[in-house]
Amino acid sequence: MINLLPLIKNETIKIIKKKRFYVILLILLVLVPIFTYAQMRSAERTREKFHGDWRLEVQQQITDNENSLGSDRVPDEWKKYRKIFVQQLQYYLDHDVNPNEPNGVTFTREFMANSITLFIPLLIMAIASDIVSGERTSGTIKMLLTRPVKRWKVLLSKLVTLFMFSSLIVVSAFIITYVVSGAVFGYKGFDMPVFTGFQITGSDVDLSAVHAVPQWKYLLMQGGLIWFVSLTIASLAFMVSVLVRSTAASIVVMMAALIAGTILTNMASAWSSAKYLFMVNLELTDYLSGTPAPIEGMNLSFSLAVLSVWAVAALIISFLVFTKRDILN
Amino acid sequence: MNSSKWIWRVVSIVSVLATVLLLAGFVYAIKDIQNPKAAAEQSSPSATPQESTGAKSPEAKKDLKIAVIGDSLAKGTGDNSGMGFARRTVSELAKDSGRKATLLNNLGINGLTTTGLLPKLEEKGTQYVLGQADVILLSIGGNDLFQGADLATKGISGTSNPGTGTELDPKDLLKGLPKASTQLKAILERIRAINPEAWIVYVGLYNPFGDIEELKIPGNQAVASWNQSALQTINKYSSMSLVPTFDLFQHNLDKYLSSDHFHPNGDGYQQIAERIVQGIR
């Protein structure tokens, strides 16, 4: 255990010195202002239409959704979503809480909830996909392995470093989003109540367990769930990075899996065994906000179990392969 | 290598802190999702529910706020431009009297009946919208009487084969009438109670089947007695009015009805809007 720490230190310095982490921060600093601007424009427009009165806006949202329920052209699954959505909006209205009050914290919450399936995993992959295959591409892996350290320790140090940076990425994503969007929408909103605990049975919402949570607590919970997803993605990308020689290929493999996941979540409600795929289970924050899961029968513990199994399997494979394989160039 | 030491210290400490924080959040989230317990009903003190009183200042009177509630007619179904009589009324008001009018909300829902509207009036959001309005436009009853536009097409097919045209039996038109008109009365009274000051405009019914031989007379009768019973309630209140549409459509069905043969088209809505504006002035 003693000689593991220097290895981790070494890996950490490598990532910082290779400027991988800076690239990630830079991506965040470029993209978040763009999203903030877009959100600002659309908020301005709705404010104009409803004269700044959010109750009118929410009521119109309810009416519009109710109208689409009557239409035969709307697929039944969408109707289910909308029915649930209407009931939630009604709940917010009944309790006099604006579900989309414009402030930095709300923007952060919505942005993070939307980025859990693609954006955050992408940032994680920027580090994870390179961490082993990068050493191969540059040939430095031989130097690493000729040292009198066991191979599994080398790999473990890389994994620990990756997990450390995963946490850093999640936290910095939160901070950057909050700081940037706060400059536009204001930094308040930590105490604003958010409702959670909507329990969905069929197309009905059980409101008996709904309770208000201050938004900062909600963000904390959300962060935790995103962190878990990030670790899973990190483990999988780590495996791919061990298996595939080039960084580019390893990024492509992971991206393909993730994009397939977003497509599947949109259309696979009929194919129920798709729920065992990790990509379909990434939206853990949906369980917090009460958005129905893409496939019937999914719940938080199910998704956590699926993700854990995939992550653990990926790690086992990476360690087996890495310790057994000959390193040729 | 002083900088590496520094990097290592910062990164390791920050990442450990971040991990602990996120882990705490994760555990908390699982706990909260798995055993959600409803907190003691806590009302949010930050928002004041009754802001509507402030909006009723005399200065706001210049700016007419219009709320629309009811069925597909209120929503504007059939109007290709999507404006319906709601938006047309707003633009007519601006054109006509120079009074600035704004449409607060259009709460029209396709296929709504009086039975469906009554519980809606108990919803907080609806009450809020109605409470804010200076003018409330109401359209309801068409679906009670004709049981939805779906039956319109069946009614037409029934004419070609009268033996099977049981769906829209002329006698049925009058059967649901008493119940529906008591409900209409309840609706009007409820809206009056929600907003005692607003001008309430009820858009009367027309007979969309006036050109179908066996539905013409019973349809006209049903519509007439519906409008009559609506008037009985409306006459009791000072700031309530019924905008008649029966005569508008009576002999102009092909001109003012949209292709579904039930809802008005853009021109039809325009006529209704003009009448509404005449009444508000």
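Residues numbered from 1 in each chain as written. Chains lettered and ligands numbered in written order. Predicted model: local features only at pLDDT ≥ 70, side-chain atom pairs only at ≥ 80, totals over all residues. Heavy atoms only, no water.

## Focus on a nonpolar patch on the surface
Residues and elements named next belong to chain A.
Logical step 1: On the surface, Leu26, Val30, Ile34 and Phe35 cluster together into a nonpolar patch covering about 370 Å² of accessible area.
Logical step 2: Topologically, Leu26 is positioned in helix H2 (residues 20–49).
Logical step 3: Note on Leu26: relative accessible area 54%, which makes it exposed. (Patch = residues over 30% accessible without salt bridge, like charges linked within 9 Å, V, L, I, M, F, W, Y side chains within 5 Å. Areas by Shrake-Rupley, 256 points an atom, 1.4 Å probe, with all protein chains shown as cover. Salt bridge = Lys/Arg side-chain N within 4 Å of Asp/Glu carboxyl O. Helix = DSSP H or I, 4+ residues; strand = E, 2+ residues; numbered from the N terminus. Buried < 20%, exposed > 50% of the residue type's maximum accessible area, 1.4 Å probe, protein only.)

## Regarding the interface of chain A and chain B
Logical step 1: Facing 50 residues of chain A, the contacting portion of chain B comprises 51 residues.
Logical step 2: Regarding the contact of chain A and chain B, the summed buried area is about 4,400 Å², with carbon and sulfur atoms giving 67% of it.
Logical step 3: It is Arg55, Asn67 and Trp227 of chain A that lose the most area in chain A upon contact with chain B, and together they represent 13% of the buried surface on that side.
Logical step 4: Summed over the shared surface of chain A and chain B, the number is one salt bridge.
Logical step 5: Lys120 of chain B is the salt-bridge partner of Glu66 of chain A, the closest N and O atoms lying 2.9 Å from each other.
Logical step 6: Counting the contacts that link chain A with chain B gives 15 residue pairs in polar contact (both at pLDDT 80 or more).
Logical step 7: Where the side of chain A that touches chain B is concerned, the elements lending two or more residues are helix H1 (4–17), helix H3 (54–69), helix H4 (76–94), helix H9 (151–185), strand E4 (211–214), helix H10 (215–243), helix H12 (285–289) and helix H13 (300–324) of chain A. (Contact = heavy atoms within 4.5 Å. Buried area = accessible area lost by both parts, 1.4 Å probe. Polar contact = N/O pair within 3.5 Å; in protein donor to acceptor, adjacent residues only side chain to side chain.)

## Observations regarding the environment of Thr46 of chain A
Residues and elements named next belong to chain A.
Logical step 1: Structurally, Thr46 is set in helix H2.
Logical step 2: Exposure remark for Thr46: the relative accessible area of 28% places this residue in the partly exposed category.
Logical step 3: Along the chain, Thr46 and Val253 lie 207 residues apart, while their C-alpha atoms are 40 Å from each other.
Logical step 4: Reaching out from Thr46, the side chain makes a polar contact with the backbone oxygen of Ala43 at a distance of 3.0 Å.

## Points about the pairing of strand E1 (residues 193–196) of chain A
For a regular strand, side-chain orientation follows a simple rule: the groups alternate between the two sheet faces.
Residues and elements named next belong to chain A.
Logical step 1: Of the two faces of E1, both are covered, the one formed by Pro193 and Phe195 as well as the one formed by Val194 and Thr196.
Logical step 2: Summarising the sheet, E1 and E4 pair through four bridges and their orientation is antiparallel. When the bridges of E4 are listed, Val194 appears paired with Val213. (Pairing = 2+ DSSP bridges.)

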